[in-house]
Amino acid sequence: MKLYLEIPELDKHFPFRSFVNKGDRLCYPHWHKEIEIIYVVKGSVDLGINDVPIHMRQGEIQFVGSGDVHYFLASPDSERLVIQFDLSFFQEVSVLDAKEHSLRDAFASMEQSGWKWPEGLADRMRGLIESIHEENVRRAEGYAYLIKARLFEMLTLILREVPKSGVHRQPKISEESATKSKETLEKLERIFTYVEKHYREAITLKEVAKYMGFSPYYFTKLFKRNTGMTFVSFLNEYRLNKAKWLLLNEDGPITAVAEASGFGSVKTFHHFFKEATGVSPMKYRRTIFGNNSARM
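Residues numbered from 1 in each chain as written. Predicted model: local features only at pLDDT ≥ 70, side-chain atom pairs only at ≥ 80, totals over all residues. Heavy atoms only, no water.

It is worth spelling out the packing of aromatic side chains at this point. Taken as a whole and assessed by the stated rule, the structure comprises 16 aromatic pairs. Pairing phenylalanine 219 with phenylalanine 231 gives two aromatic rings, centres 5.4 Å apart and planes at 70 degrees, and the pair type is edge-to-face. One end of the pair, phenylalanine 219, is in helix α7 (residues 216-227); the other, phenylalanine 231, is in helix α8 (residues 231-249), with 12 residues separating them in the sequence. The exposure class of phenylalanine 231 is buried, given its relative accessible area of 3%. (Phe/Tyr/Trp six-rings, centres within 6.5 Å; stacked < 30°, edge-to-face > 60°. Helix = DSSP H or I, 4+ residues; strand = E, 2+ residues; numbered from the N terminus. Buried < 20%, exposed > 50% of the residue type's maximum accessible area, 1.4 Å probe, protein only.)

Here is the structure:
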């Protein structure tokens, strides 16, 4: 397995795009040179940037810097607004401002700064992101100018409002550390691929560890350190997301949903689903769609 380079289809004269992703998705580790902004409009997303696991909730915003390897697992009821742009977008003024700060550093400072936006500023940032996407969708006359103006406003907000003392930039890593990080992410991709192919089966931690060539102890530490959760929790969450998708998109019986999502029995499925969501699978389906014709 290889980490892959994503090349967004951006107009070289207007290197920007925005889009909405809905539903569950397991996105393998990848990187690109463009800055990426992820805004969770609904639901939750488990995101990993380099070796740092991040759990994002509704209303939260995350910046992904140029060249950062990232992956995520989104819940089926989630909705994410994503913006990507190249730093050349700002080239007209970057030379004027070069002595004061680096644009790359400015956006990178938002990744793991350890500083939380005060709610008023967070609202302004969310408003800018929504306005940018709305202009991109509507494409009324002059939309490109307004998108660019909003991105410049966003950059100014970061430069002026994020306290420099509150930003904990990660030190530059050595080539050796970078290689180790890449190797770790390649291992995670192999694990993700294995789960995606075999989640309907009775997977055990010991089996996956053996598949990876690790001891259960080493595998457990590796997975927890780099994803923020245990392998069993990840597997159950992945199966739960598959079950939610089936409940939302198909009208099959609950027994079929349990089997198709990898749970060993309907009883186990009911127990886990209710523990995780607070409602039974049937009530979840009816709450979302009022589907009273669903079958057991």
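This part takes up the pairing of strand β9 (residues 79-85). The buried fraction of β9 is high, at six of seven residues. Here strand β4 (residues 35-42) runs beside β9; their pairing, made up of seven bridges, is antiparallel. Its bridge partner lying in β9, isoleucine 38 is registered against valine 82. (Pairing = 2+ DSSP bridges.)

Here we take up the environment of phenylalanine 19. With respect to the helices and strands, the residue phenylalanine 19 is situated in strand β2 (residues 16-22). Exposure remark for phenylalanine 19: the relative accessible area of 24% places this residue in the partly exposed category. For the pair phenylalanine 19 and glutamine 84, spaced 65 residues apart in sequence, the C-alpha to C-alpha distance is 9.0 Å. Not counting residues within four places of it along the chain, the set of residues in contact with phenylalanine 19 comprises Arg80, Leu81, Val82, Gln84 and His133. (Contact = heavy atoms within 4.5 Å.)

So, on to the confidence of the model for the protein. The predicted model of the protein averages 80 in pLDDT, with 79% of residues at 70 or higher. In the predicted structure, residues 165-178 sits below a pLDDT of 50 and forms 12 contacts with residues beyond four places in sequence or in another chain. Here residues 291-296 scores under 50 on pLDDT; set against residues more than four positions off or in separate chains, the count is 18 contacts. (pLDDT = per-residue confidence, 0-100.)

This part takes up the pattern of salt bridges. Enumeration over the complete set of coordinates arrives at three salt bridges. As a salt-bridge pair, arginine 126 and aspartate 123 come within 2.7 Å of each other at their nearest N and O atoms. Of this pair, arginine 126 and aspartate 123 both sit in helix α3 (residues 119-138), three residues apart, roughly one helical turn. On the accessibility criterion, arginine 126 (15% relative accessible area) is buried. As a salt-bridge pair, glutamate 135 and arginine 138 come within 3.7 Å of each other at their nearest N and O atoms. In this pair, glutamate 135 and arginine 138 both sit in helix α3, three residues apart, roughly one turn of the helix. Residue glutamate 135 is classed as buried on the basis of its relative accessible area, which comes to 13%. (Salt bridge = Lys/Arg side-chain N within 4 Å of Asp/Glu carboxyl O.)

Within the largest apolar cluster, 29 residues are counted, with the highest numbers of intra-cluster contacts made by Phe16, Phe85, Phe107, Leu151 and Met154. If you list the elements that add at least two residues to this core, you get β4, β9, α3 and α4 (143-161). The leading source of residues in this core is α4, at eight residues. Dropping the residues within four chain positions of it, leucine 151 is found in contact with Phe16, Phe85, Phe89, Phe90 and Ile132. (Core = buried A, V, L, I, M, F, W, Y, C linked by side-chain atoms within 4.5 Å.)

Turning to the packing of α3 against α4, a few remarks are in order. Across the interface, α3 lies against α4 with an axial gap of 9 Å and an inter-helix angle of 160 degrees. With respect to their mutual orientation, α3 and α4 come out roughly antiparallel. Crossing of α3 over α4 shows left-handed handedness. Contacts between α3 and α4 involve Leu121, Arg124, Met125, Leu128, Ile129, Ser131, Ile132, Glu135 and Asn136 from the former and Tyr143, Leu146, Ile147, Arg150, Leu151, Glu153, Met154, Leu157, Ile158 and Glu161 from the latter. (Axes fitted to C-alpha atoms, helices over the stretch in contact; angles between N-to-C directions. Parallel < 35°, antiparallel > 145°, perpendicular 65-115°, else oblique. Left-handed = near helix turned anticlockwise from the far one by under 90°.)

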